[in-house]
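Single-letter residue listing:
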Amino acid sequence: MKKLLLLLCIVASGTSFAQIKMQGIVKDSIGTPLELANVIAINQDTNTLESYAITDEKGKYILSLGKNGKYNVQVSYIGYKTSDEAITTQETDITKDFILQPDNSLDAVELTYEMPVTIKGDTIVYNADSFKSGSERKLEDVLKKLPGVEINANGQIEVEGKVVSKVMVEGKDFFDGDTKLATKNIPSNAVDKVQVLRNYAEVGQLSGVQNNQDNVAINIKLKEGKENFWFGDVTAGVGTAPSPNDELYLVQPKLFYYSPKYSINLIGDMNNIGEVALTNRDLRNFGGGFRMPSRTSGTNINLGDNGLGGLTNIQNSQEVVTKLAASNFSYSPNKALDLSGFLIYNSSRMRTREESFIDYIDIEDDPSTPIDESASLPPDEATVSTGREATNQLLAKLSASYKPNVNNQLDYDVLARFSDDKERQNLFSSVVGNTNQLDKAKPFSINQNVNYYYTLDENNIFAFEAQHLIKDEDPFYNALLNNDPSNNDDPDNDAFDDTAEGLGLDRDQFAYDINQERRVKSNQLDAKLDYYNILNSKSNINLTLGTIFSNQKFNSNIFQFLDDGTRFDPTPTIEDLDGNALSAVNDNVEYRFGDVYLGVHYRFKTGKFTFTPGVSFHAYSNQNTQGGETFKDNFFNVLPDFETRIQFKKSESLTFNYRMSNTFTDVTNIAEGWVLNNFNNIQFGNPELQNALSHNLSLFYRSFNLFNYTNVFAGANYSKNIDQIRSLTNFESVIRTSSFFNSQFADENASVFGRVQRTFGKIRASLGANYNYSKLNQFIQGRQSLNESFTQTYSPEVRTNFREAPNVRLRYSYTVRDNDQGTNTTKFITRAPSVEFDAYIWDALTFITDFTYNEQESNGQTDVFKTWNASLRYRKNSDAKWEYSLIASNLLDIDSNISNGAGNISVFSSETFIQPRFITFRLTYTL
């Protein structure tokens, strides 16, 4: 593998040696250097764009040209006549200056070719054709080749290290709230321009009074002829694979229509090979573009998630069958009104298998206590888990935006979400034995958002934002464990016997058939009114009056089916700190939270600096009622925040941010009774939980240099959590029971990350690094211990972007994870070199392959797994309607992936079984 990577590096670098450098300075008629002048070189033999550059602040440019070639070099600058000269290269570098003459004509500058990259204020515009080689099929294939743009491991778009929050097509939202549907479905041949909108403001009226540097959006401009016509493609395929996946199928229609007045997008997917645009977890996290009005207030309240998290992800499944139907529309009946929305239905079935070994950490005995804490730790455990998951999800959103004039804007959004989820799992444990489990849930939620923005005059702006959420969750859990009723009171009794006694179960049964029904209803209103007073061109003051009200109701019921089929309702108990037995039934729990706050922020600019100091005053009230008692906690708090930004240049800045925040928990952690997260993971709530206070600091630097196409971003984050809600964990064998409390020990987290990217002609090199340190206080068997972890990751990469020659992407990821869990220290090292190769041959044949070699080392043991995929596509030419494809995944027919890691209380290694080798033949018709 190392020899292969070295050979590819030599080939890639060797190509660059066949280039010569042409450089010089662009000036005006009086000798003043011109910054941001456009310089392009057109190959006279092929009539294609060979190289391009943009001058720096000294007017300097650099072009990479082929040896012994003939080129037309065009130099242009707004307000000046375009210079066009013929250049013949030989074997040596060329130095040539250009002097541009003023042009008083009103005619637009005409260039034979467009600049591949231009900057207009906070907008970077990429000409997509300048980066295409012919092997691209979808939008993500184009985005990967753009300087400064990346597709991360989760399939999200990143620009200068920031995740893109919105994708638009022709200025219209494309499934607002998710970017993966756009990147994996919009055809590349429809993309003309990619506009990266930095400092993106959702509301134009507020763009001058808010700091939006963390907001990045992308707008796709379509090619001429794609408007007012349907475009897209329809793919159908069949294939073979080892049993039980011996009959493979795939149908994927993707159709789009755009006009100035309305747009329609239709995406369908039905296959059993695991190729999906959105995973189940993606859909669960799909927010539809909703953002909480209180997101910057300093208050964070967690309503919890009581749905099913899924057994695993698509990549770690043995079998995946999925159906997706999605539609998105926008309609503008007039200039003042815009209507839009989407409907997404997803159905998936998955089969999984995982084998794990868990080594629990040691705890030292506390000599001041009468018990030996170290003696009651769980034994090491080996498990084999097989599962099946079935999910049906429906999301629907409707939006309306009314802008009668530049001073008024009214927005309304409603998002409804419905799910029907079921998971079955069979777990064999070397400690517990065989267990069958069933999880079911049919949650739904309705989220409504109303915003009104009003500009009174040039100095006074009002903004009202309100969001209301209704959520109803009904998880059901069932576990069936084997039991020997004759050894209940023996020292070596069954692993679950002691836990069953605490749950109040009937232990004189040959099986524990445990069930829990839960119901969590949440109702939350989040609203605020902002007033912006523009004092002058460089400063403004912002006053915010806001409130958050939430109400959560919690009910649960634990019951047992006996061997004879009758139902038994136990009375669970738990011991308090004095050893007294308390009832652990949590029904009719109500939790109310309220926050009324006033915020003041002052924003002013001086030179390159923008300062935004602020403070918010909060009056909190929260209470919960359960078991005939009411617990109240009302208090007042002041939360400061501060931000400063240094704008060195238009494309270079440094931002520092500090924020103090309060975090409140959800009703599940407050409900004083048993909650069965799993038969071996049981929790007990604490009605006296209080908020956690955190200090958060961040520093972020970004730079995008168009002169040498160097993109740099780097950041550092630090957080310190005080009174953090932590769990008190106790073990009965491998059965974990946890309660919650506000820890007096502060937890800390620090991270430093960055990436440097540079383009050398047709070669782009980058180096990324990430460091993360965390300090976590944990409490096991009544003892406090400190868990420290330090992770460092390095990821160098080289990729080419030739038009005629094949392209290669070489990447190496090196990760070291050090964990110190008190009495247990571990180190995990992961090495993952990878190569991607694509070739577009004879303007008809596309060959793409990728290979990853993953090596994991821990405790002197090394585990290796490999991934190899390939595809061969044929179409008569780039304009052909039909394309024929042969696609293979997991060519080496690897059975499983190996992973190692450390949790807060254990070290584990797991083997996850994956889909076998799949080979499919596909036919694609392009509209």
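Residues numbered from 1 in each chain as written. Predicted model: local features only at pLDDT ≥ 70, side-chain atom pairs only at ≥ 80, totals over all residues. Heavy atoms only, no water.

Student: Break down the overall build of the protein chain for me, citing the residues and quoting the values.
Tutor: Per the secondary structure count, the protein chain includes 6 helices and 55 strands. Rg of the C-alpha trace for the protein chain: 31 Å, near the compact-globule value of 30 Å for 927 residues, within the 12% margin. Oriented by its inertia axes, the alpha-carbon framework of the protein chain measures out at about 95 × 65 × 55 Å. Classification of the 927 residues of the protein chain by burial places 50% in the buried group. A separation of at least 24 residues holds for 66% of the contacts in the protein chain among residues at least 6 apart in sequence. (Helix = DSSP H or I, 4+ residues; strand = E, 2+ residues; numbered from the N terminus. Rg over C-alpha atoms; globule rule 2.2 N^0.38 Å. Buried < 20%, exposed > 50% of the residue type's maximum accessible area, 1.4 Å probe, protein only. Contact = heavy atoms within 4.5 Å.)

Student: An account of the pattern of salt bridges is needed here, citing residue identities and associated values.
Tutor: The full count for this structure, using the stated rule, is 31 salt bridges. For the salt bridge of Lys 138 with Asp 233, the shortest nitrogen-to-oxygen distance reads 2.9 Å. In this pair, Lys 138 is assigned in the loop between strand S10 (123-127) and helix H2 (139-143) and Asp 233 in strand S18 (residues 230-240), connecting sequence segments 95 residues apart. Both residues of the pair, Lys 138 and Asp 233, belong to the buried class. A salt bridge links Arg 353 to Glu 355, with the nearest nitrogen and oxygen atoms 2.8 Å apart. Residue Arg 353 is classed as partly exposed on the basis of its relative accessible area, which comes to 26%. Overall, Glu 355 belongs to the partly exposed group, its relative accessible area being 27%. Taken together, the salt bridges that share partners define one network made up of Glu 797, Arg 809, Arg 811 and Glu 836. (Salt bridge = Lys/Arg side-chain N within 4 Å of Asp/Glu carboxyl O.)

Student: An account of unusual backbone geometry is requested, with residue identities and associated values reported.
Tutor: One non-glycine residue, Asp 723, lies in positive phi territory at about 60°. Tracing the backbone shows Asp 723 in the loop between strand S42 (710-722) and strand S43 (725-732). A residue is classified by how much of its surface remains accessible, and Asp 723, at 36% relative accessible area, is partly exposed. Of note in this structure, Trp 842 is not a glycine but carries a positive phi near 55°. Mapping Trp 842 onto the fold places it in the loop between strand S49 (825-841) and strand S50 (845-858).

Student: Help me get a handle on the packing of aromatic side chains, residues and values and all.
Tutor: Per the stated rule, a full pass over the model turns up 34 aromatic pairs. Grouping aromatic residues by their ring pairs yields a cluster made of Phe 174, Phe 175, Phe 231, Phe 256, Tyr 258 and Phe 342. The aromatic ring of Phe 98 is capped on one face by Lys 96, whose charged end is 5.5 Å from the ring centroid. The ring centre of Phe 559 lies 3.8 Å from the NZ or CZ of Arg 567, which sits over that ring. (Phe/Tyr/Trp six-rings, centres within 6.5 Å; stacked < 30°, edge-to-face > 60°. Lys NZ or Arg CZ within 6 Å of the ring centre and 35° of its normal.)

Student: Could you give me a rundown of the nonpolar core, with the residues and numbers involved?
Tutor: In this structure, Val 117, Tyr 126, Phe 174, Leu 181 and Ile 344 are the most contacted members of the largest nonpolar core, which totals 53 residues. Residue contacts for Phe 174: discarding those within four places in its chain leaves Val 167, Met 168, Val 169, Leu 181, Ala 182, Ile 186, Phe 256, Tyr 258, Asn 265, Ile 267 and Asn 328. (Core = buried A, V, L, I, M, F, W, Y, C linked by side-chain atoms within 4.5 Å.)

Student: Would you mind going over the sheet that holds strand S17 (residues 216-222) in detail, with residue names and values included?
Tutor: As a general point, the strands of a sheet are linked pairwise by backbone hydrogen bonds and lie either parallel or antiparallel. Overall, mixed pairing links the 6 strands, which are arranged S9-S10-S16-S17-S14-S15 in an open sheet. Looking at strand neighbours, the two that pair on one side only are strand S9 (117-120) and strand S15 (172-173), the edges of this open sheet. The pairing of strand S16 (residues 191-198) with S17 spans 7 bridges and is classified as antiparallel. Each bridged residue has a counterpart across the sheet, and for Gln 195 the counterpart in S17 is Asn 219. (Pairing = 2+ DSSP bridges.)

Student: Give a detailed account of the sheet that holds strand S13 (residues 162-163), specifying residues and quantitative values.
Tutor: Taken in spatial order, the 3 strands make up an open sheet running S11-S12-S13, and their pairing is antiparallel. Edge positions in the open sheet fall to strand S11 (149-151) and S13, since each of these has one partner strand only. Here S11 runs beside strand S12 (residues 157-159); their pairing, made up of 3 bridges, is antiparallel. What sits directly across from Ile 151, in S12, is Ile 157.

Student: Can you tell me about the environment of Glu 804, naming the residues and giving the values?
Tutor: Tracing the backbone shows Glu 804 in the loop between strand S47 (783-800) and strand S48 (807-820). As for Glu 804 and Ala 326, which are separated by 478 residues in sequence, their C-alpha atoms are 37 Å apart.

Student: Kindly report on the environment of Ile 273, identifying the contributing residues and their values.
Tutor: Relative to the elements of secondary structure, Ile 273 occurs in the loop between strand S20 (262-271) and helix H4 (280-284). Counting along the chain gives 643 residues from Ile 273 to Pro 916, while the straight-line C-alpha distance between them is 9.8 Å. What Ile 273 contacts, discounting residues up to four positions off in sequence, is Leu 248, Leu 250, Val 320, Gln 915, Phe 918, Thr 920 and Arg 922.

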